[in-house]
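Fold and geometry: a report
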Amino acid sequence: MERQRFLRKCISFLLMSMLAGIYAFSLSAKVVDDDVDLDGRWPEGKRSIIDVIPVTATIDGSLLTIQCTSGRSDVTVCIAGVDGFSYEKMYPASEAYLITIDLSSAPKGSYTLDLTNQWGDHLTGIFEIR
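Criteria and cut-off values
Residues numbered from 1 in each chain as written. Predicted model: local features only at pLDDT ≥ 70, side-chain atom pairs only at ≥ 80, totals over all residues. Heavy atoms only, no water. Phe/Tyr/Trp six-rings, centres within 6.5 Å; stacked < 30°, edge-to-face > 60°. Helix = DSSP H or I, 4+ residues; strand = E, 2+ residues; numbered from the N terminus. Buried < 20%, exposed > 50% of the residue type's maximum accessible area, 1.4 Å probe, protein only. pLDDT = per-residue confidence, 0-100. Contact = heavy atoms within 4.5 Å.

With that out of the way, let us pick up the packing of aromatic side chains. Across all of its chains, the model carries two aromatic pairs by this definition. A ring pair is formed by F85 and Y111, whose centres lie 5.7 Å apart and whose planes are at 90 degrees; its orientation type is edge-to-face. Residue F85 is located in the loop between β5 (75-81) and β6 (86-91), and its partner Y111 is located in strand β8 (residues 109-117); the two are separated by 26 residues in the primary sequence. Of the two residues, F85 and Y111, both sit in the buried class. Between the aromatic rings of Y111 and F127, the centroid separation amounts to 5.6 Å while the plane-to-plane angle is 15 degrees, which identifies the pairing as stacked. Linking Y111 in strand β8 with F127 in strand β9 (residues 122-129), this pair joins segments that are 16 residues apart in sequence. Both residues of the pair, Y111 and F127, belong to the buried class.

Shown next as structure tokens:
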């Protein structure tokens, strides 16, 4: 009986430690990344009933990360810099849930991010590479 109680306490401690670690890791990850504010409409072919845009973008140094939580949209990513730098690629829905783009070859400065899906929904944001 005493051993079972001790085992339960150990398991509870381990679970709480893991949850605290996951929470702390997510906080530290947010401190490093800069969110890219996206403006526009993304109703995904009028089939979505939520108003929350299922797309987020963050920049960490020169690594741009785009996440699409719905998994229903092909996403075309266009990046344009004031110095003439440009990037364009279409990601199918099966790959669009997590897009990472290494922009280490791009010069420092301000960039425009344009995201478009197959239904013509469009989001635009501005970010900076420092």
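The next point concerns the confidence of the model for the protein. Averaged over all residues, the pLDDT of the protein is 79; the fraction at 70 or higher stands at 72%. Averaged over each element, pLDDT in the protein is lowest for helix α1 (residues 2-32) (62) and highest for β6 (96). Predicted confidence is poor over residues 25-32, with pLDDT under 50, and the contacts of this stretch with residues over four places away or in other chains come to three contacts.

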